[in-house]
Amino acid sequence: MAAFHLEMKVNGELVAVDIDPGMRLLDVLREVLHLTGTKEGCGEGECGACSVILDGELVDSCLVMAPQAYGKEVVTIEGVAALGQLHPLQEAFIEAGAVQCGFCTPGMILAAKVLLDHNPNPDRQEIARAISGNLCRCTGYSKIIKAVEIAASRIKAEAGAASD
Amino acid sequence: MIEKNIVGQSVPKVDAFGKVTGQTRYAADLDIAGALHLKVLRSKVAHGLVKKIDTSRALKIPGVTAVFTHADIPGSNSYGIIVKDQPVLTNKVRFKGDAIALVAAEEESIAVKALDAIAVEIEELPPLFDIQAAMAAGAPAIHDNGNVLTVTKIKRGNVEAALDQAAAVVSRRYTTQRVEHGYIETEAGIAYMENDMLIIKAGTQNPHYDRRDAARVLGLPINKVRVIQTATGGGFGGKLDISVQCFLGLAALKLGRPVKIVYDRQESFVATAKRHPFIVDYTSVAAADGRLLAVKARIFGDTGAYASYGPATLTRAAVHATGPYEVPNVDLEAFCVYTNNSFSGAMRGFGTPQIAFVFESQMDLLARELKMSPLEIRRRNVLRPGSITATGQELTSSVGIAKTLEAAWARALEVMPGLGGDCR
Ligand code: FES
Ligand code: FES
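Predicted model only: the values in this text are computed from it and were never measured.

Draft legend 1. Region of interest: the packing of aromatic side chains. Residues and elements named next belong to chain B. Applying the stated criterion across every chain, the model contains nine aromatic pairs over all chains. Here the aromatic rings of Phe300 and Phe335 are separated by 5.0 Å at their centres, their planes lie at 15 degrees, and the arrangement is stacked. In this pair, Phe300 is assigned in strand β14 (residues 292-304) and Phe335 in strand β15 (residues 329-338), connecting sequence segments 35 residues apart. Grouping residues by exposure puts Phe300 and Phe335 together as buried. Judged by centre distance (6.5 Å) and plane angle (70 degrees), the rings of Tyr306 and Phe343 are edge-to-face. On the criterion of sequence distance, the pair formed by Tyr306 in the loop between β14 and α9 (310-319) and Phe343 in the loop between β15 and α10 (352-369) is long-range, its members being 37 residues apart. For Phe343, a relative accessible area of 1% translates into the label buried. Following the ring pairs from residue to residue traces out a cluster consisting of Phe95, Tyr306 and Phe343.

Here it is as structure tokens:
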């Protein structure tokens, strides 16, 4: 099979790789770019462990063919902490005890990030809906929702302080 | 000293940083140069004798390095936590999904192709999918010693005499279903040789038991095998059993090359343990004031093709069969039974959730029979300091159920103010 020349932005950096066009975005991230923070839990769009942000929207990278990412911008869990500084969501997940085995955590944090990017003031219902495509078998979700609430209020407080 | 004490303090999880940043390496994230990919050929029938395995066509596929079968196991071809009854690669199929052959290939896609090229001849035996069929006289034996693996009996007092004084007797049959743990990380691992030392890295809850069983099936002294647990993406009891460990060890040892295996979700569902489905016949006997006089129960657990933690699960079910209630007369028997279903093992609660569903349902039915509130009948029966359990243990302290019951009731009234009244 002829190779496909894939160009995309991953975590802010331009990436150009020649790949088998049958690969999923998930495979390119994990196997070609070695960004193994993106997980595979089911390979069929059920669990959300493979969630990444594609041009601002949350997608299951196991359901995206790699060529579909051509010219687009991908954010994975490795790109969430800016310059070594944890994102408020990452801090809040640690603080609230929202991380147990951690296998769902990258996808959860990205799902929550997309929510907060669009809606800085979510209520519990909206948080629950935003993470409804991401399965967690350990935590029972309540601490994850709590973590998102903590992060939202911190982001707001920081934004308020910055505009004063 | 005092300031170092973390009991009662909220401390960040030691491994949380790696998990929120995506740096933590789980088994499938481990890369090892030159690794061969492993795939398992699994049975499509539930019960049968493997008559012939022809691997010649598979071995001709470019990129296929080896195909292993039961004939290639260097040690004893059996493992298991409690009973050594599960083969790594089998010549007798006991459930749909039993492992028959292991392929090692340069690429995963080649290994998958090779699976289709292996020809297996199986002489089918009648499959036994339910406990009663498996226990019936004359049922084909799934294992050499028959289909009833263990029987746990707990007897105390005189149940027949208690029946004579009964104001209420409730007898019911309950069934519970098979449950998959559904940890989000599927089973995976790598293995390699370090001089004469075999190193296996895998997602597991039981590295020390894995090591013992891997050494056993590979015919190695235990000090020539290291099992290293990788960050594990959930287990809930389902990663206490061997999954990929022996496959990895076998291929790495025989081929002298690093190997890697990752189950997809379907294989994880098909090949690994489940919660035991139960059938329970349960009789509760109570006096007019609601006090339990006796319990008689026959508990049947479907452990499927292999024992795994079945004997302990059924023992636990028997021990907990009276729940948090004081019952002076008991006649309890729990049977762990082989069938041709996927094997059952440990899952959170270990047989207790199944039996809790039974004894709590019985309390509600008894309350109805005696026209008493479900709360009151529990108040009159809960274990307290000084109570003696069904297994004869006198409880002297730390018996929290009475307090818990009242606290739960108070909380229920808070969130559902409409309760109360007749319910009390
Ligand atoms: S791996 Fe993509 S949704 Fe589960
Ligand atoms: S923390 Fe284990 S699945 Fe969510």
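Draft legend 2. Seen up close, the pattern of salt bridges. Residues and elements named next belong to chain B. Applying the stated rule across the entire model yields 29 salt bridges over all chains. Across the pair Arg298 and Glu333 runs a salt bridge whose closest N-O atoms are separated by 3.5 Å. Here Glu333 lies in strand β15 and Arg298 lies in strand β14, a separation of 35 residues in the sequence. Across the pair Arg379 and Glu376 runs a salt bridge, and its minimum N-O distance is 3.0 Å. Note that Arg379 and Glu376 are positioned in helix α11 (residues 374-379) at a spacing of three residues, about one turn of the helix. For Arg379, a relative accessible area of 24% corresponds to the partly exposed category. Connected through shared salt-bridge partners, Lys155, Arg298, Asp331 and Glu333 make up one network.

Draft legend 3. Main features of the nonpolar core. Counting residues in hydrophobic clusters, the biggest one holds 43 residues, and the most contacted among them are Leu89, Phe93 and Val148 of chain A. Sorting elements by how many residues they give to this core places helix α3 (residues 105-118) of chain A first, with eight residues. Domain assignment of the residues forming this core places at least three in each of domain 1 (4-79) and domain 2 (88-163) of chain A. The residues contacting Phe93 of chain A, other than those within four sequence positions of it, are Ala98, Val99, Thr105, Met108, Ile109, Ile144, Ala147 and Val148 of chain A together with Val20 of chain B. Core analysis: the second largest hydrophobic core is formed by 39 residues, Ala286, Ala334, Leu365 and Trp409 of chain B among them.

Draft legend 4. Expanded view of the interface of chain A and chain B. Taken together, the contact pairs 27 residues of chain A with 27 residues of chain B. Across the chain A to chain B interface the summed buried area is about 2000 Å²; carbon plus sulfur atoms make up 59%. On the chain A side of the interface with chain B, the three residues burying the most area are Ile94, Phe103 and Arg137 of chain A, jointly 29% of the side's total. Put simply, chain A and chain B have two salt bridges between them. The closest approach of N and O atoms between Asp29 of chain B and Arg30 of chain A, which form a salt bridge, is 2.8 Å. Linking chain A to chain B there are 14 residue pairs in polar contact (both at pLDDT 80 or more). Put simply, the parts of the chain that give the side of chain A that touches chain B at least two residues each are α2 (88-95) and α3 of chain A. Per-class residue counts for the side of chain A that touches chain B are 14 nonpolar, eight polar and five charged.

Draft legend 5. Representation of the sheet that holds strand β4 (residues 92-93) of chain B. All names here are of chain B. Pairing is antiparallel in the open sheet, where three strands are placed in the order β4-β2-β6. Pairing within the sheet leaves two strands with one partner each, and these edge strands are β4 and β6 (119-124). Of the pairings in the sheet, the one linking strand β2 (residues 48-54) to β4 comprises two bridges and is antiparallel in character. Counted as the bridge partner of Leu49 is Lys92 from β4.

Draft legend 6. Expanded view of the pairing of strand β1 (residues 4-10) of chain A. Residues and elements named next belong to chain A. Pairing of β1 with strand β2 (residues 13-19) involves seven bridges; the strand directions are antiparallel. The residue of β2 that forms the bridge with Lys9 is Leu14. Between β1 and β2, which pair antiparallel one after the other, the connecting turn spans two residues, and Asn11 there sits at a positive phi close to 50 degrees. Pairing of β1 with strand β5 (residues 73-75) involves two bridges; the strand directions are parallel. Across the sheet, the residue bridging to Val10 is Val74, located in β5.

Draft legend 7. Highlighting the sheet that holds β5 of chain A. All names here are of chain A. Ordered by their spatial adjacency, five strands build an open sheet running β2-β1-β5-β3-β4, and the pairing between neighbours is mixed. In the strand order of this sheet, the two ends are held by β2 and β4 (57-60), each with one partner. Mean inter-strand twist for the sheet, computed between neighbouring axes without regard to direction, equals 40 degrees. Running at roughly 35 degrees to strand β3 (residues 51-54), α3 makes contact with β3, β4 and β5 of the sheet.

Draft legend 8. The arrangement of unusual backbone geometry in detail. All names here are of chain B. Backbone geometry places Asn195, a non-glycine residue, at a positive phi of 55 degrees. Position of Asn195 relative to the elements: it lies in the loop between β9 (188-194) and β10 (197-202). The backbone of Phe350 sits at a positive phi, close to 60 degrees, despite the residue not being glycine. By the secondary structure assignment, Phe350 is in the loop between β15 and α10. You can call Phe350 buried: its relative accessible area is 16%.

Draft legend 9. Just the environment of Gly140 of chain A, in detail. Looking at the element boundaries, Gly140 of chain A is found in the loop between α4 (124-130) and α5 (142-163). Measuring from C-alpha to C-alpha, the distance between Gly140 of chain A and Ala66 of chain A comes to 33 Å, with 74 residues separating the pair along the chain.

Draft legend 10. Structural context of the environment of Ala71 of chain B. Residue and element names in this part refer to chain B. For Ala71, the location among the structural elements is in the loop between β3 (64-68) and β4. On the basis of relative accessibility, which here comes to 63%, the residue Ala71 falls in the exposed class. Along the chain, Ala71 and Lys254 lie 183 residues apart, while their C-alpha atoms are 13 Å from each other.

Rules and cut-offs
- Residues numbered from 1 in each chain as written.
- Chains lettered and ligands numbered in written order.
- Predicted model: local features only at pLDDT ≥ 70, side-chain atom pairs only at ≥ 80, totals over all residues.
- Heavy atoms only, no water.
- Phe/Tyr/Trp six-rings, centres within 6.5 Å; stacked < 30°, edge-to-face > 60°.
- Helix = DSSP H or I, 4+ residues; strand = E, 2+ residues; numbered from the N terminus.
- Buried < 20%, exposed > 50% of the residue type's maximum accessible area, 1.4 Å probe, protein only.
- Salt bridge = Lys/Arg side-chain N within 4 Å of Asp/Glu carboxyl O.
- Core = buried A, V, L, I, M, F, W, Y, C linked by side-chain atoms within 4.5 Å.
- Domains from an automatic or database assignment.
- Contact = heavy atoms within 4.5 Å.
- Buried area = accessible area lost by both parts, 1.4 Å probe.
- Polar contact = N/O pair within 3.5 Å; in protein donor to acceptor, adjacent residues only side chain to side chain.
- Nonpolar A, V, L, I, M, F, W, Y, C, P; charged D, E, K, R; others polar.
- Pairing = 2+ DSSP bridges.
- Axes fitted to C-alpha atoms, helices over the stretch in contact; angles between N-to-C directions.

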